[in-house]
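So the chains spell out like this:
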Amino acid sequence: MNIKNTFAVAKEMETLANGYNELAAKEGNEETRNIYTEMTYHLDELQSKLLQISNYYPEGKVEKAVTLKREIEDLPAGSEITLLHSYDSENLALVEDEGMELYLIPLDALEG
């Protein structure tokens, strides 16, 4: 599996879901608003399946609280984040911040 590509696709799904949320908020027709909301839900579920998060977290695996050793993207050094998956062969980690934003970062940027 190419986790970088998988993560990129998941982020595209998140962008689509956010767009549908914005459309739902602006929509005056309740039926159309419900359609946008349903589409958002399905995209969120697909993203969770793809990344194996939320209700699709693998059985027997445990999320782990870790600290970021250096600044990565929008995350400052010292941030407390949750390690969801580590991809040792690719030296990457899927992490989540307190705002539930997902990041794919170098595994060696974490401690704990």
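See the structure printed just above.
Just so we're clear, the structure is a prediction, and the values are computed from it rather than from any experiment.

Draft legend 1. Looking closely at the overall build of the chain. A count of helical and extended segments in the chain gives two helices and five strands. Listing every helix and strand of the chain by position from the N terminus yields α-α-β-β-β-β-β. Its C-alpha atoms put the chain at 50 × 30 × 25 Å along the principal axes. Split into buried and exposed, the 112 residues of the chain put 38% on the buried side. Counted over contacts in the chain with a minimum sequence separation of 6, partners at least 24 positions apart contribute 45%.

Draft legend 2. Region of interest: the environment of alanine 24. For alanine 24, the location among the structural elements is in helix α1 (residues 3–26). With a relative accessible area of 6%, alanine 24 lands in the buried category. Between the C-alpha atom of alanine 24 and that of leucine 75, which follows or precedes it by 51 residues, the distance is 30 Å. Apart from residues lying up to four places away in sequence, alanine 24 is in contact with Arg33, Tyr36 and Thr37.

Draft legend 3. Geometry of the sheet that holds strand β1 (residues 64–68). Taken together, the five strands give an open sheet; going across it, the order is β4-β3-β2-β1-β5, and neighbouring strands pair in antiparallel fashion. Across the chains shown, the open sheet's two edge strands, defined by having one partner strand only, are β4 (102–106) and β5 (110–111). Of the strand pairs in this sheet, strand β2 (residues 80–87) and strand β3 (residues 92–96) are connected by five bridges, and their pairing is antiparallel. Across the sheet, leucine 83 pairs through a bridge with valine 95, a residue of β3. Contacts from α1 reach β2, β3 and β4 within the one sheet, and its direction differs from that of β4 by about 160°.

Draft legend 4. Fine view of the side chain of serine 48. Secondary-structure assignment places serine 48 in helix α2 (residues 30–51). Judged by its relative accessible area of 9%, serine 48 falls in the buried class. Excluding its chain neighbours within four sequence positions, the residues that come into contact with serine 48 are Ile53, Ser54 and Tyr56.

Draft legend 5. Representation of the pairing of β3. With five of its five residues buried, β3 lies for the most part within the structure. Side chains of β3 alternate between two faces, with Leu92, Leu94 and Glu96 and Ala93 and Val95 buried alike. Between β2 and β3, which pair antiparallel one after the other, the connecting turn spans four residues, and asparagine 91 there sits at a positive phi close to 50°. In terms of strand pairing, β3 meets β4 through five bridges, oriented antiparallel. If you follow leucine 94 over to β4, its bridge partner there is leucine 104.

Here is what the cut-offs are and how they apply
Residues numbered from 1 in each chain as written. Predicted model: local features only at pLDDT ≥ 70, side-chain atom pairs only at ≥ 80, totals over all residues. Heavy atoms only, no water. Helix = DSSP H or I, 4+ residues; strand = E, 2+ residues; numbered from the N terminus. Buried < 20%, exposed > 50% of the residue type's maximum accessible area, 1.4 Å probe, protein only. Contact = heavy atoms within 4.5 Å. Pairing = 2+ DSSP bridges. Axes fitted to C-alpha atoms, helices over the stretch in contact; angles between N-to-C directions.

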